[in-house]
Amino acid sequence: MSQPTQKKQDPLIEEALKLNAQGKFNESADALLKLAKKAKTKDAKALLHIDAAKVLYRPDPSRAEKLALEASEIAPEHPTPWSYLTHFYYSKRKNKESLDAALKAIRLVKKPAEIVDLARHMLMLGDCQNAIQFARNAFEESGRDIMLASYTLRIALQCADWDLSESIIAQLKKAYEDKENQVAIETPRTHLLWCEDEALNMRVVGAYAKKVYAEKVKDIRKAYPESHKRPIRIGYISSDFRNHATSLLALGMLRHHNKKRFMFFGYCASYDDGSALRREMLNRFHVARSISGLNDETAAKLIVKDQIDILVDLNGLTEGSRLGVLSWRPAPVQISYLGFPGTAGGRFVDYIIADDYTLPPGAEKNYPEKIIRIPPTYQINDYIARYLPPMAHPKSVGLPQDKLIVGMFNNVNKINRDSWITWMKILNEVPQAVLWVLDPSKPAQENLMNEAKRLKVSADRIIFANKASQEDHLARLRCCDLNLDPWPYGGHTTTGDALFAGIPVISLEGKNFASRVSGGLLRASGLSELICPSIEAYIAKAVELLRDPIKLKNIKMHLLQNRSKLYAFNAPLRTLQIEAAFLAARSEE
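Residues numbered from 1 in each chain as written. Predicted model: local features only at pLDDT ≥ 70, side-chain atom pairs only at ≥ 80, totals over all residues. Heavy atoms only, no water.

Caption draft 1: Geometry of the overall build of the chain. In terms of regular secondary structure, the chain is built from 24 helices and 13 strands. In summary, the chain has a C-alpha radius of gyration of 25 Å against a globular reference of 25 Å for 589 residues, a match within 12%. The C-alpha extent of the chain, read off along each of the three principal axes, is 80 × 65 × 50 Å. Within the chain, the fraction of its 589 residues that count as buried is 57%. Taking the intrachain contacts of the chain between residues at least 6 apart in sequence as the baseline, contacts between residues at least 24 apart amount to 69%. With an accessible surface of roughly 25100 Å², the chain has 51% of that area assigned to carbon and sulfur atoms. Of the charged side chains in the chain, 83 are positive and 69 negative; the average position of the first set lies 3 Å away from that of the second. (Helix = DSSP H or I, 4+ residues; strand = E, 2+ residues; numbered from the N terminus. Rg over C-alpha atoms; globule rule 2.2 N^0.38 Å. Buried < 20%, exposed > 50% of the residue type's maximum accessible area, 1.4 Å probe, protein only. Contact = heavy atoms within 4.5 Å. Areas by Shrake-Rupley, 256 points an atom, 1.4 Å probe, with all protein chains shown as cover. Lys, Arg positive; Asp, Glu negative; His and termini not counted. Charge placed at Lys NZ, Arg CZ, Asp CG, Glu CD.)

Caption draft 2: A look at the sheet that holds strand E12 (residues 505–508). Overall, parallel pairing links the six strands, which are arranged E10-E9-E8-E11-E12-E13 in an open sheet. Of all strands in the sheet, those with a lone pairing partner are strand E10 (462–465) and strand E13 (531–532), marking the two edges. Note: strand E8 (residues 404–408) against strand E11 (residues 482–484), two bridges, orientation parallel. Across the sheet, Val406 pairs through a bridge with Leu482, a residue of E11. (Pairing = 2+ DSSP bridges.)

Caption draft 3: The arrangement of the pairing of strand E9 (residues 433–438) in detail. Most of E9 sits inside the fold, with five of its six residues counted as buried. Relative to E9, E8 is paired through five bridges, and the arrangement is parallel. Within E9, the position partnered with Gly407 by the bridge is Trp436. For the segment spanning E8, helix H17 (residues 417–429) and E9, crossover handedness is right-handed. When E9 meets E10, the two strands line up parallel, connected through four bridges. For Val437, the partnering residue across the bridge sits in E10 and is Phe464. (Right-handed = clockwise from strand over helix to strand, strands pointing away.)

Caption draft 4: The arrangement of the environment of Thr377 in detail. Of note, Thr377 is situated in the loop between strand E7 (370–373) and E8. Owing to a relative accessible area of 1%, Thr377 belongs among the buried residues under this scheme. Separated by 22 residues in sequence, Thr377 and Asp355 place their C-alpha atoms 5.4 Å apart. Setting aside residues no more than four positions away along its own chain, Thr377 makes contact with Asp355, Gly520, Leu521, Ala524, Ala568 and Arg574. A polar atom in the side chain of Thr377 sits 3.3 Å from the backbone nitrogen of Gln379. (Polar contact = N/O pair within 3.5 Å; in protein donor to acceptor, adjacent residues only side chain to side chain.)

Caption draft 5: A look at the pairing of strand E4 (residues 310–313). Burial along E4 is two-sided: the face carrying Ile310 and Val312 and the face carrying Leu311 and Asp313 are both buried. Here strand E1 (residues 232–238) pairs with E4 via four bridges, running parallel. Each residue of the ladder has a partner; that of Ile234, found in E4, is Ile310. Here four bridges tie E4 to strand E5 (residues 333–336), and the two strands are oriented parallel to one another. Bridging across to E5, Val312 finds its partner in Ile335.

This is the structure we're talking about:
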């Protein structure tokens, strides 16, 4: 958003571009506003105000907001000011204002691509009803344009609209069979929600990474002079240093790092949510720097100035990622870890961290990065340092006291028709069981309940759980008798939460990184028998356990009594393994 978009048709445009390149952003905006005064139409005047706002987006967001609002007043029927405000407010976490702007913009834009993009923002802002309606209509109006498939699919999955999602998946499969994946660009996480073909994952995710993150510097940076005479400098970069699942996990690593042998820098690209977790994360670094207001090149220069030896990206290809910083090659060794289950697209990422289950021997042939394997599970966590609260009273969390409680606390977008049918079969086999899932949007809830009714499961056997704090969630998890893992994108932190709370998890054996994480955690917890080779075995195992209270109790006691001994929760050991991996990677360069 740092470059004005107007064509070079006036000396003031030339002046604005020159000033912008010199870093004189307010002066650049002033030049555009001078031109706006000469504009012959209100639309042209409003668009120049938006150009000025784009120039000031990072260096002066308050003035950028003011200019965008002025543009919306100058031309209230033009969609551009409202579209800009949608994105601007969303980036500033002003969700109400962002949704209000989106609702105005989406009724003014004409292009299906713009409608779907705004619908995506509505989804992220919680308005699923409008999101699915506008996205579905725009997608059909576009002639089912393959370029709109990914965002429309994500909205459909979030709303459990499986008729729409399955038709889009079929369309995408055909496109990939026809070798059109360079056109049918999907976002990585949405792709993994339906596809566990690892070779295809690499094609699709690699194409996305190449499109979004250009490689700015090809040469690997040499080791810094004299670096062997000082502590090795490790930099962690993330947009999730806040109340986020990645920070809940990564804190276990930061808590146990060797602060004498290494010096740790945190490059924070996240907003300040005021959480205690954010404060603790940042306090664990020797040096914490904010890069949220810096562009990628400037942030990379800061990392070079700090002479970071190993730079670790904790986002991967997720929303808010700053992989663009790594594209400038600010460190001799660059690693992607924890935030995304799979490739980061290689090129300027040298290594990813996995284990021998999530990426078994032979998986290297599919990956552009080198693979660091940390047995028995790659996933660090901070559970042992945390308090496990007493079990919540079932009535206080809306549960019956005379039923078997089967939990599934993953995001609704991980649920598909096959998994839902499977879970309904389990309920039909065990009449005293109920399924407890996170409360999704109203459209998703209606779709789930309609499908349950079709499968002869009564409405009172599906219970929806409200959002809760981490401590309250762990307390209510303890009410469960069993948890079920979705597929093909299984639980990650969700599975760790359940195992820490002493709740067994049934998982399907996966075929790619994202689908194997739960299995890896089960193996590291001594529960390999809960990893099932087929859907039939998954159903049989769940039914067997629900019908055998003694076996269920024994598994729970195994988890609760041996927590401090299980590899899954051994953060000090995992941290030593990670540090050893860092040293090995550095020695190879």
